[in-house]
Amino acid sequence: MFKDKLSVVITDETCYNKKHIYKRGMMHMRIAVCEDCMEDTLLLKRFLGGHHVSIYSDTCSLLDDVDNRKIQFDLYLLDIFMEESMNGIELARELRKIQE
């Protein structure tokens, strides 16, 4: 394994190069879904089946993964009407601050 910016870890069918996951020659996006309604979450996960989807039911968990655990995503799907202290629009602002 190379330890530079473009390092790639290869397993039996999966390659991971810091941002994208490749399986059998196809690029799969890393997608974060932050949604408090389980029905919508299951529908989105099914629709996005070919990609690596991480589901979050609250904004704090997603912020923790991105800020503290340094997990990177290609796409965020955020519920703008979350029934918490922070809605999806505020979460998007926080995510943008973290990734600058």
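Residues numbered from 1 in each chain as written. Predicted model: local features only at pLDDT ≥ 70, side-chain atom pairs only at ≥ 80, totals over all residues. Heavy atoms only, no water.

Novice: Tell me what's going on with the nonpolar core, and back it up with residues and numbers.
Specialist: L62, F73, Y76, L91 and L95 are the most contacted members of the largest nonpolar core, which totals 13 residues. Counting only elements with at least two residues in this core, the list comes to β5 (30-34), α2 (59-67) and α3 (88-98). If one sorts the elements of this core by residue count, α2 sits on top with three residues. Here F73 is in contact with R30, I31, A32, S54, Y56, L62 and V66, once residues within four sequence places are set aside. (Core = buried A, V, L, I, M, F, W, Y, C linked by side-chain atoms within 4.5 Å. Buried < 20%, exposed > 50% of the residue type's maximum accessible area, 1.4 Å probe, protein only. Helix = DSSP H or I, 4+ residues; strand = E, 2+ residues; numbered from the N terminus. Contact = heavy atoms within 4.5 Å.)

Novice: Hey, could you go over a nonpolar patch on the surface for me, with residue numbers and the actual values?
Specialist: Taken together, I80, F81 and I89 make up a surface patch of nonpolar side chains, about 320 Å² in accessible area. Residue I89 is classed as partly exposed on the basis of its relative accessible area, which comes to 42%. (Patch = residues over 30% accessible without salt bridge, like charges linked within 9 Å, V, L, I, M, F, W, Y side chains within 5 Å. Areas by Shrake-Rupley, 256 points an atom, 1.4 Å probe, with all protein chains shown as cover. Salt bridge = Lys/Arg side-chain N within 4 Å of Asp/Glu carboxyl O.)

Novice: Can you explain the packing of α2 against α3? Please cite residues and give values.
Specialist: For the pair α2 and α3, the least separation of the axes is 10 Å and the interaxial angle reads 10°. With respect to their mutual orientation, α2 and α3 come out roughly parallel. Between α2, through T59, L62, L63, V66 and D67, and α3, the contact on the second element is made entirely by L91, E94, L95 and I98. Looking at side-chain class alone, the contact of α2 with α3 contains six nonpolar, one polar and two charged residues. (Axes fitted to C-alpha atoms, helices over the stretch in contact; angles between N-to-C directions. Parallel < 35°, antiparallel > 145°, perpendicular 65-115°, else oblique. Nonpolar A, V, L, I, M, F, W, Y, C, P; charged D, E, K, R; others polar.)

So, to be careful, I would describe these as geometric facts and stop short of saying anything about function.
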